[in-house]
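Here is what each chain is made of, one letter per residue.
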Amino acid sequence: MAALKYAGLEDTDSEEELPPGWEERTTKDGWVYYANHLEEKTQWEHPKSGKRKRVAGGLPYGWEQETDENGQVYFVDHINKRTTYLDPRLAFTVEDNPVKPTTRQKYDGNSTAMEILQGRDLSGKVVIITGANSGIGFETAKSLALHGAYVILACRNTSRGNDAVQRILVEWHKAKVEAMTLDLASLQSVQRFAEAFKSKNVPLHVLICNAAVFGAPWCLTEDGLESTFQVNHLGHFYLVQLLEDVLRRSSPARVVMVSSESHRFTEIKDSSGKLNFSLLSPSKKEYWAMLAYNRSKLCNILFSNELNRRLSPHGVTSNSVHPGNMIYSSIHRNWWVYTLLFTLARPFTKSM
């Protein structure tokens, strides 16, 4: 209620009138949401009436919906030769207030980051996300930044990282985002990143280990290890070790390992049931890209489970997550066959 009063809600006469600092927007699917520019928050419910809405019907004659390079929806009026970010159907909305689901059913495979974070204030929280200049990492970084968190995009390519920062700032000029260089294929780079972060003297509340390579040809890193294993697992393993003290001091804190269901389709033990180290960083002769990926994802989960066992008593939890099957991002870029498979599966999988 204090937030509503601060927003000037008590001075509005109409139930549908938005208070100062609020803006009405629509998603690509026609759902209406509300942006509070004063508190840098978004929500599905109207700030005064509490109603949920969606636009009714299609676009007026002569109008077309497009998406700009930043992923934001805009509308083209071909008759009057103009463009606008305001959905012309907002004048014709219908109320949609479904029965609230139970806690167990609250989120599912169709939930968006907007829904998960709705109403949450992450001001003061510091988050590091590896591989955050594109794909799942970028969407995660953007969603957290738009809800007040200070987000560090840890990227191998500094230029692309800075471009991602600018794309977030276009949406919210007050967003606290920064790009830092991190190449997981170099343990020295991981060490430099950790030292640079610690020099900022800020806490670390969330570390999201998201970066990964998929279907990459066999090659060795500068550290003499197979690249898929080092980038997907060992680099993150080392990063967590270097930042463990900061995570402990920042408790409650968490580590999130972005793994995959494909971890089920591999093994890292030999016939006697012991860990086979040669499977983790195989020679070129023994290398198969898909198996290397699966093994690295299995290592992610085993590491996350053990990390949680050791650090949860100190206020640091660790979880591994499967983001969804064959989400269309740039992860399949290493071989045209994988690109074809992801393209064919795209209509049937969750979109970015």
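The rules we used
- Residues numbered from 1 in each chain as written.
- Predicted model: local features only at pLDDT ≥ 70, side-chain atom pairs only at ≥ 80, totals over all residues.
- Heavy atoms only, no water.
- Core = buried A, V, L, I, M, F, W, Y, C linked by side-chain atoms within 4.5 Å.
- Buried < 20%, exposed > 50% of the residue type's maximum accessible area, 1.4 Å probe, protein only.
- Helix = DSSP H or I, 4+ residues; strand = E, 2+ residues; numbered from the N terminus.
- Axes fitted to C-alpha atoms, helices over the stretch in contact; angles between N-to-C directions.
- Parallel < 35°, antiparallel > 145°, perpendicular 65-115°, else oblique.
- Left-handed = near helix turned anticlockwise from the far one by under 90°.
- Contact = heavy atoms within 4.5 Å.
- Nonpolar A, V, L, I, M, F, W, Y, C, P; charged D, E, K, R; others polar.

Moving on, we come to the nonpolar core. Judged by nonpolar contacts, the single largest core of 31 residues is most densely connected at Ile128, Phe193, Phe197, Leu204, Leu207, Leu243 and Val255. Looking at this core, the elements that each hand over two or more residues are strand S9 (126-130), strand S10 (150-155), helix H5 (187-198), strand S12 (206-209), helix H6 (227-249), strand S13 (253-258) and helix H8 (289-311). Examining the composition of this core, we find that seven residues originate from one element, H6, more than from any other. Within the second largest apolar cluster, 26 residues are counted, among which are Leu117, Cys155, Ala179 and Val258.

This part takes up the environment of leucine 302. By the element assignment, leucine 302 lies in helix H8. For leucine 302, a relative accessible area of 45% translates into the label partly exposed.

This part takes up unusual backbone geometry. Put simply, serine 251 and proline 252 share a cis peptide bond, and its omega is 5 degrees. Phi is positive for lysine 81, close to 55 degrees, though the residue is something other than glycine. Under the relative-accessibility criterion, lysine 81 is labelled exposed at 72%.

Here the focus is the packing of helix H3 (residues 135-145) against helix H4 (residues 158-171). Direction vectors running N to C along H3 and H4 enclose 40 degrees, while the axes themselves pass 10 Å from each other. Judged by the angle between their axes, H3 and H4 are oblique. Helix-helix and strand crossings are classified by hand; for H3 and H4 the assignment is right-handed. Between H3 and H4, the residues in contact are Phe138, Ala141, Lys142 and Ala145 and Ala164, Arg167, Ile168 and Glu171, respectively. Of the residues in the contact of H3 with H4, the class split is five nonpolar, no polar and three charged.

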